[in-house]
Amino acid sequence: LSDALFFWEQDRKQSFSSYRSKLLSATYQKELGSVDARVERITALALAIAEQVGADAAAVSAAAAQCKNDLVTKMVFEFPELQGLMGGYYARAAGESAVVAQAIREHYLPTQQGTAIPSSREGQAIALADKLDALAGIFAIGQKPTASKDPYALRRAANGVLRICIEGQLSLDVAALLRAALAAQPAGKKDPAIHTELVEFVMERLRALLVTGEVTTEMFEAIKATGVTTPLDFAQRTEALKSFVALPASGNLAAAHKRIRNILKQAGDVSSAIDAARFEHETERSLFAALSALNLEGDYSQQLTQLATLREPVDAFFTAVMVNADDPAVRANRLALLARLDQLCRSVADISLLPG
């Protein structure tokens, strides 16, 4: 404790903001430059995120600019585990607002599974920027994790990004954020292929986070097939799908959707124009009426509950109707009807990928 007090007193002999200049000579990673350069990237990305999540831009700017200053203090040099925590204390002692100090203190969170995420929007913005910059930079220089090694703790960083988005209720598209983080890197590859790898890496961490208990791999894949890369949206779809798969109609609809996907695949280009005058069978009219009556503007649970009501008209259609009719116009019309149904069955998740 006496050592800690000595370090505290020594560190306080200069302003906390002045420590920033020492980051110019502190190397973050030899290809990615100094810690100071990294702080510039984090600040720019944090401000972009702040605008999307309603965080105070001035507080984010002040906190991000000083978030790594404590790395070059005597206290953190001696007690590395205090990084961030000491930054918050030093910033508060230097006269920064409680919001700025808290954002600095919490920007490393969550440090591991089960620990809290940053409690403020400002802290969340900087924490996300910090983790996204690390992911983008290390991937860009070709140092991505292997099955046995993850020296830059990128899996933990990705988990942190996902948890902040989901638990913080932040509707942020990680694909877009990673693209911005990648573009800001000073070295390495920044092409679409690397971006795709990065997004896939983060989505695999999302799989590990969500596929537990009631959520199966098939359910995850069904949502992933829609191309959703907003973790909060993905998690909300997952919750809705849990209720849907428990419905008796879900298996029948999944089986029917598989059949529809195969028919459309074999058909090639299909028109989207449906002409009700060309319907020859009552089941065609019933299915078209059911599709037209659907209102998919509610939440995901409501949308899927409505989709479940299509089970009977879909089953009746396939029982009574030959899709590949001899008349080309009738055939095209039936294919257009199935194309509409296919589109609806992929609005929340790709139903064809569920068991059925």
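Our subject is the structure that appears above.
So, here is what we can say about the structure in this document.

Rules used throughout
Residues numbered from 1 in each chain as written. Predicted model: local features only at pLDDT ≥ 70, side-chain atom pairs only at ≥ 80, totals over all residues. Heavy atoms only, no water. Core = buried A, V, L, I, M, F, W, Y, C linked by side-chain atoms within 4.5 Å. Buried < 20%, exposed > 50% of the residue type's maximum accessible area, 1.4 Å probe, protein only. Contact = heavy atoms within 4.5 Å. Helix = DSSP H or I, 4+ residues; strand = E, 2+ residues; numbered from the N terminus. Arc of directions from axis to C-beta. Phe/Tyr/Trp six-rings, centres within 6.5 Å; stacked < 30°, edge-to-face > 60°. Lys NZ or Arg CZ within 6 Å of the ring centre and 35° of its normal. 1 Å grid on protein atoms, 1.4 Å probe; cavity = no way out; pocket = protein on both sides within 12 Å on 5 of 7 lines; lining within 4 Å. Points joined across faces, edges and corners; volume = space filled by probe spheres on them. Nonpolar A, V, L, I, M, F, W, Y, C, P; charged D, E, K, R; others polar.

1. Describing the nonpolar core
Membership of the largest hydrophobic core comes to 107 residues, with the highest contact counts inside it found for I49, I126, L128, L132, L135, L241 and F318. If sequence neighbours within four positions are ignored, L135 has contacts with L154, A157, A158, V161, L178, L198, F201 and V202.

2. Considering helix α16 (residues 311-320)
Inspection of α16 places P313, V314, F317 and F318 among the buried residues, and these make up the whole buried set. One side of α16 carries all its buried residues, which in axial view fall inside an arc of 130°. In α16, the exposed positions angled more than 90 degrees off the buried face are occupied by E312 and T319. The inward-facing, buried residues of α16 abut α13 (248-267), α14 (282-293) and α17 (328-344).

3. Re the packing of aromatic side chains
Applying the stated rule across the entire model yields nine aromatic pairs. Across the ring face of Y28, the terminal group of R38 is positioned such that the distance to the ring centre comes to 4.5 Å.

4. Concerning the layout of surface pockets
Put simply, the largest pocket is a space of about 680 Å³. Along the walls of the largest pocket sit 24 residues, with K68, Q83, Y108, D130 and R156 positioned nearest its centre. Residue assignment for the lining of the largest pocket shows that the elements contributing at least two residues are β1 (27-29), α2 (35-53), α7 (121-140) and α8 (154-167). Residue contributions to the lining of the largest pocket peak at four residues, all from α7. Within the lining of the largest pocket, the residues separate by chemical class into 14 nonpolar, three polar and seven charged.

So, to be careful, I would describe these as geometric facts and stop short of saying anything about function.
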